[in-house]
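Observations on the model geometry
Single-letter residue listing:
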Amino acid sequence: MLEIKNEIPKYRIPVDYIIMFCICILFIIIAFILNSPRQILDGYIKIHTSRNVLITDYVALAGIGAALVNSAILVLFNLFLLILNKREPNGKIIAVLFLTIGFSLFGKNMFNTIPIMAGVWLYGMVSGKKFSEMVIFAMISTTISPIVSEVAFLNNNFSIVKFLAAYGIGLFVGFIFPVIANYVKVMHNHYCLYNGGIAGGFIATMFAGFMRSIGIEIVPENLWDTSHTLQLAILAYSIALALIVYGIITDKPVNAFKKFRELLKEKDPDDCDYLTKYHNTCYINIGIMCIVSTTVMLVLGKPINGPILGGIFTVSGFAACGKHLKNATPIIIGSIIAVYLNHLDRTASVNTLAILFSTGLAPIAGKYGWHWGIITGFLHVSIAIFIGDVNGGLNLYNNGFAGSFIAVLILPIIVSFRTLHAKLVSSFKKGGIKD
């Protein structure tokens, strides 16, 4: 008789994770070229002992080398969790990894993310779910990581009591995050890509309200570097070009361009996993969105710093999960118009970041047309520049929180206008036939 062996296939590290690993190594190499080991170490410690509320640009706070190393370490940690739990990559995972790259340049670090991620793990354990099912929630939940730093370094000093309180609160907000994140999806029907920012916004607002009610005021930050534009722009362009070349070569030019044209026709917000659908061609989309985002900032005269590069990488990452040139461009146009019309200084950090992060509402433009996209982008900036005051800058994905309000506001208006337009057209045709 033949002996049948039930062999379990070995898990191989996906190429997509290797790409992210290479970006991390590039960050570390550049960091040590631009700064000395001592400067990087001092800066890295400073990052972990600061409040980290919006907007704390790590490049301004601790130096470009420390900022890049912090980003690389946090992404490597997330990659370790994904590989340990044998998660296969998809569009959402790639988006969240790029999100982590970006926000580790202004707000996230190992100190303030670990307790929140542990809280998500604890929720999974209590609810009988494997951490492999919860790991994405854990990665996204770090949008509220400044809460941990704010408590630990309240009044700019540290104590064991504050440390224990900070980590206890981190465990709690991490524990409730998956529940809220799942619930708020119904608010926007997937038309806002930054669902984690919506959940984080509600949690941060609740926490900020509690702190203010007991007499603790949360003071926003506005650390904003303007002296490393050239280095960071070259970094962004280099990564973008490498990803485009990779996508073209691995999918073969003719096939890649054909699939890329198909990708640009995507409109369904419920079916936007571009990595799974288009494979390596997706990296062409990621690279192009990175180039476009960087170029828009440079053309508008904005500095490329930690937060701006974070926004660029966020736009790039979600090009694997909902964004492309066709649906993002109208949103960007509308947001630029809003920036030039509102009363704030055009160079204000909130104005600048809103242009990039407004593209989280790109599915609206894809589904309902460029004109609604421009209106959506315009409205997004109008809300995003003020909504951070509600939660004191404790929610890093603040534009996602703003996006939820825009989606809830504009979607019923769009549907009503389209219904009314259809009725008017129908009535006109009937009237014409009757005559």
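Look up: the structure comes first, before these words.
This text gives an overview of the structure that appears in the document. Here the structure is a predicted model, which means the values were calculated and not measured.

The rules we used
Residues numbered from 1 in each chain as written. Predicted model: local features only at pLDDT ≥ 70, side-chain atom pairs only at ≥ 80, totals over all residues. Heavy atoms only, no water. Helix = DSSP H or I, 4+ residues; strand = E, 2+ residues; numbered from the N terminus. Rg over C-alpha atoms; globule rule 2.2 N^0.38 Å. Areas by Shrake-Rupley, 256 points an atom, 1.4 Å probe, with all protein chains shown as cover. Lys, Arg positive; Asp, Glu negative; His and termini not counted. Charge placed at Lys NZ, Arg CZ, Asp CG, Glu CD. Phe/Tyr/Trp six-rings, centres within 6.5 Å; stacked < 30°, edge-to-face > 60°. Buried < 20%, exposed > 50% of the residue type's maximum accessible area, 1.4 Å probe, protein only. Core = buried A, V, L, I, M, F, W, Y, C linked by side-chain atoms within 4.5 Å. Contact = heavy atoms within 4.5 Å. Patch = residues over 30% accessible without salt bridge, like charges linked within 9 Å, V, L, I, M, F, W, Y side chains within 5 Å. Salt bridge = Lys/Arg side-chain N within 4 Å of Asp/Glu carboxyl O. Axes fitted to C-alpha atoms, helices over the stretch in contact; angles between N-to-C directions. Parallel < 35°, antiparallel > 145°, perpendicular 65-115°, else oblique. Nonpolar A, V, L, I, M, F, W, Y, C, P; charged D, E, K, R; others polar. Expected span 1.5 Å × (residues − 1). Polar contact = N/O pair within 3.5 Å; in protein donor to acceptor, adjacent residues only side chain to side chain. Left-handed = near helix turned anticlockwise from the far one by under 90°.

1. Considerations on the overall build of the chain
Counting its secondary structure elements, the chain contains 21 helices and zero strands. For the chain, the C-alpha radius of gyration of 22 Å lies close to 22 Å, the compact-globule estimate for 435 residues. Carbon and sulfur atoms make up 68% of the accessible area of the chain, which totals about 19000 Å². Taking the 32 positively charged and 21 negatively charged side chains of the chain as two groups, their mean positions are separated by 6 Å.

2. So, the packing of aromatic side chains
Going through the model one piece at a time under the given rule, you end up with 19 aromatic pairs. Ring geometry for Phe103 against Phe357: centres 5.6 Å apart, planes inclined by 35 degrees, an arrangement best described as tilted. A residue pair is termed long-range when its members are at least 10 positions apart, and Phe103 in helix H5 (residues 91-103) and Phe357 in helix H18 (residues 349-357) qualify at 254 residues. The same class applies to Phe103 and to Phe357, which are both buried. An angle of 65 degrees between the planes, with centres 4.8 Å apart, marks the rings of Phe103 and Tyr397 as edge-to-face. Within this pair, whereas Phe103 is found in helix H5, its partner Tyr397 is found in the loop between helix H20 (370-391) and helix H21 (398-434), the two being separated by 294 residues in sequence. Take Phe103 and Tyr397: they sit in the same class, and that class is buried.

3. Quick look at the nonpolar core
Counting 138 residues, the largest nonpolar core has Phe27, Leu97, Phe98 and Ile286 as its most contacted members. Contact partners of Phe98, with chain neighbours within four places excluded, come to Met20, Ile23, Leu243, Ile286, Phe313, Ser316 and Gly317. Membership of the second largest hydrophobic core comes to five residues, among which are Ile244, Ile248, Ala256 and Phe260.

4. So, the side chain of Asn391
Relative to the elements of secondary structure, Asn391 occurs in helix H20. With near-sequence residues (within four places) excluded, Asn391 lies in contact with Gly201, Ala204, Thr205, Ala208, Arg212, Asn398 and Phe401.

5. Structural notes on a nonpolar patch on the surface
Taken together, the side chains of Phe21, Ile25, Ile29, Ile33 and Leu34 define a hydrophobic patch exposed on the protein surface, amounting to about 450 Å² of accessible area. Note on placement: Phe21 falls in helix H1 (residues 15-34). Note on Phe21: relative accessible area 40%, which makes it partly exposed.

6. Some words on the packing of helix H7 (residues 131-140) against helix H9 (residues 160-183)
Packed helix pairs are characterised by how far apart their axes lie and by the angle those axes make with each other. It is the contact of H7 with H9, at a shortest axis distance of 10 Å, that shows an interaxial angle of 90 degrees. By the angle between their directions, the pair H7 and H9 is classed as roughly perpendicular. Counted together, Met134, Phe137 and Ile140 of H7 and Phe177, Pro178, Ala181 and Asn182 of H9 form the full contact between these two elements. Class assignment of the residues belonging to the contact of H7 with H9 gives a composition of six nonpolar, one polar and no charged.

7. Remarks on the environment of Ile284
In this fold, Ile284 is placed in helix H15 (residues 282-299). For the pair Ile284 and Ile248, spaced 36 residues apart in sequence, the C-alpha separation works out to 7.0 Å. Setting aside residues no more than four positions away along its own chain, Ile284 makes contact with Leu243, Ile244, Gly247, Ile248, Ala256 and Phe260.

8. Quick look at helix H16 (residues 306-317)
Its 12 residues give H16 an end-to-end C-alpha distance of 16 Å, which sits within 8% of 16 Å, the value for a rise of 1.5 Å per residue. By the criterion of burial, H16 is predominantly enclosed, with 12 of the 12 residues buried. Structurally, H16 contributes buried residues whose contacts are with H1, helix H3 (58-62), H5, helix H12 (229-251), H15 and H18. Two or three places before Ile308, at the opening of H16, Asn305 has a side-chain oxygen 3.0 Å from that residue's backbone nitrogen.

9. Examining the packing of H9 against helix H11 (residues 195-213)
Following both chains from N to C, one finds H9 and H11 inclined at 135 degrees, their axes separated by 10 Å at the closest point. When the axis of H9 is compared with that of H11, the two are oblique. As H9 runs across H11, the sense of the crossing is right-handed. Residues Ile169, Phe172, Val173, Ile176, Phe177, Ile180 and Ala181 of H9 pack against Asn195, Gly196, Ala199, Gly200, Ile203, Met206 and Phe207 of H11. Of the residues belonging to the contact of H9 with H11, the class tally is 11 nonpolar, three polar and no charged.

10. Let's talk about the pattern of salt bridges
Enumeration over the complete set of coordinates arrives at seven salt bridges. For Glu221, the salt bridge goes to Arg51, with nearest N and O atoms at 3.6 Å. Of the two residues, Glu221 is situated in the loop between H11 and H12 and Arg51 in the loop between helix H2 (37-48) and H3; the sequence distance between them amounts to 170 residues. Residue Arg51 is classed as buried on the basis of its relative accessible area of 12%.

11. With respect to the environment of Gly366
The residue Gly366 is located in helix H19 (residues 362-368) in this model. Using a relative accessible area of 12% as the deciding quantity, one classes Gly366 as buried. The sequence separation of Gly366 and Ile406 amounts to 40 residues, and the corresponding C-alpha distance is 16 Å.

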